[in-house]
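Residues per chain are reported as follows:
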Amino acid sequence: MKKTLKIIGIIIGILVVTELLAYCCYNLKYFEMMKIQWANGNKFFMKYEIPTEFDPERPPYNSEAIRTFEKKTTKKPIAFVGCSFTEGTCLKDNETLAYRISDLTNRTTYLRGVSGTGLAYVYYQILNKTIPQDVEYVVYTYFFGHLERLYNYQLGFWSTEINLRYIQKDGKIVQATFPKGIINSLYSTKLAEEYIANKKSLKEYSDYQLFKAILKDMTVQFKKNYPNSKFVFLDYPFEEKDYCKLPKDVVDYIKSLGFIYIEADALTGKQLGTLEYKVKGEGLHPSAEAWQEVAPKMVKKLGL
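So, here is what we can say about the structure in this document. In this text, all values refer to a predicted model and were calculated from it rather than measured experimentally. (Residues numbered from 1 in each chain as written. Predicted model: local features only at pLDDT ≥ 70, side-chain atom pairs only at ≥ 80, totals over all residues. Heavy atoms only, no water.)

### Looking at the sheet that holds strand β1 (residues 67-69)
- Across the sheet, which stays open at both edges, the six strands sit in the order β1-β3-β2-β4-β7-β8 with mixed pairing between neighbours. Among the strands making up the open sheet, the edge pair consists of β1 and β8 (260-263). Neighbour-to-neighbour, the strand axes of the sheet open up by a mean angle of 20°, direction not taken into account.
- Pairing analysis gives six bridges linking strand β4 (residues 137-142) to strand β7 (residues 230-235), with the strands arranged parallel. Counted as the bridge partner of tyrosine 140 is phenylalanine 233 from β7.
- Of the strands in this sheet, β1, β2 (78-82), β3 (109-111), β4 and β7 touch helix α4 (residues 97-105), which is tilted by about 175° from β3.
- The sheet contacts of helix α5 (residues 119-127) involve β2, β4 and β7, and relative to β2 the element is tilted by about 140°. (Pairing = 2+ DSSP bridges. Helix = DSSP H or I, 4+ residues; strand = E, 2+ residues; numbered from the N terminus. Axes fitted to C-alpha atoms, helices over the stretch in contact; angles between N-to-C directions. Contact = heavy atoms within 4.5 Å.)

Below, the structure written as structure tokens:
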């Protein structure tokens, strides 16, 4: 009996030490990032809390992300979806792409981007018709980090804020199950899940398998739920490096689905992934000047 208790005590001790080490590693890993975010008054916050499972009845963590810029007009509205780039992290309302397009076209725009999300949440919005159905266009701002977010929960710095993930199962796109119980609150679990997600996303960067599958099904859902609307895929550069850009075959695939593909650098003739067009001091998100370059050229391209 004493021997058994001793073994149990040793195992518990090892688990406690492992968790303490994981806690230290987790905080050290993101220490510099946290300092940058906090110092610049960003809306983004580090995720120490136990992640809350996605609940369609509860709005995304940041309800301020849901905004509408109203205009009295007969022109059809435009919806903007995506992550913090769309939401306008670090920007005032009148500096966002949605506001600028509204101002230039005298159209109502729906800003439905939510920080930390990506294609999974856009797919959810289309599937469940959470975007108003009177829109002429739905504009999705994509950047390469959305590939990694296809595999992440709220477990690390670059993960979804709303814990929504989809997988392929029996040839269909289905919502993935969420980690349950106390094990999900452990920092060792966070690091392990993050490691697994990173491994899967590295593969995604090479074959775009899940990305393409979700886009394909989203096309079907979009035609069914928004038959009178068009979908715009705005490819925005995080940095001016090859790994941040979609390969030609993927771009061709997006176009073959009937989406209007716009590459932001090509549209503007600028290198928007450079620090010149990012929020000063923060260096991650598009600045007001970036959207000032994009908005009028998008208006012209789409004939708004």
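### Examining the pairing of β4
- Across the six residues of β4, six count as buried, placing the element largely inside the fold.
- A two-sided burial pattern is seen for β4, the buried positions comprising Tyr137, Val139 and Thr141 on one face and Val138, Tyr140 and Tyr142 on the other. (Buried < 20%, exposed > 50% of the residue type's maximum accessible area, 1.4 Å probe, protein only.)

### Topic: the pairing of β8
- Bridging between β7 and β8 involves four bridges; their strand directions are parallel. Its bridge partner being in β8, valine 232 is matched across the sheet by isoleucine 260.
- Handedness of the crossover joining β7 and β8 through helix α9 (residues 248-256): right-handed. (Right-handed = clockwise from strand over helix to strand, strands pointing away.)

### Re the packing of helix α1 (residues 2-29) against helix α7 (residues 187-207)
- It is at 7 Å that the axes of α1 and α7 come closest, and there the two elements cross at 55°. One way to sum up the angle between α1 and α7 is to call them oblique. The two elements α1 and α7 cross, and the hand of that crossing is left-handed. Residues Glu19, Ala22, Tyr23, Cys25, Tyr26 and Lys29 of α1 form the contact with α7, whose participating residues are Tyr187, Ser188, Lys190, Leu191 and Glu194. (Parallel < 35°, antiparallel > 145°, perpendicular 65-115°, else oblique. Left-handed = near helix turned anticlockwise from the far one by under 90°.)

### Considering the packing of α4 against helix α11 (residues 288-302)
- Contact geometry for α4 and α11: axes closest at 9 Å, N-to-C directions at 45°. Relative to α11, the element α4 lies oblique. In terms of crossing hand, the pair formed by α4 and α11 is right-handed. Along the contact surface, α4 presents Leu97, Arg100, Ile101, Leu104 and Thr105, while α11 presents Ala288, Trp291, Gln292, Val294, Ala295, Pro296, Met298 and Val299.
- Grouping the amino acids of the contact of α4 with α11 by side-chain chemistry returns ten nonpolar, two polar and one charged. (Nonpolar A, V, L, I, M, F, W, Y, C, P; charged D, E, K, R; others polar.)

### Brief notes about the environment of glycine 303
- You can see glycine 303 is positioned in the segment after α11.
- You can call glycine 303 exposed: its relative accessible area is 59%.

### Some points on the pattern of salt bridges
- Within the structure shown, the criterion is met by seven salt bridges.
- The salt bridge involving arginine 107 is made with glutamate 136; its shortest N-O contact spans 2.7 Å. Here glutamate 136 lies in the loop between α5 and β4 and arginine 107 lies in the loop between α4 and β3, a separation of 29 residues in the sequence.
- Across the pair lysine 212 and aspartate 249 runs a salt bridge, and its minimum N-O distance is 3.8 Å. Within this pair, whereas lysine 212 is found in helix α8 (residues 209-225), its partner aspartate 249 is found in helix α9, the two being separated by 37 residues in sequence.
- Judged by its relative accessible area of 48%, aspartate 249 is partly exposed. (Salt bridge = Lys/Arg side-chain N within 4 Å of Asp/Glu carboxyl O.)

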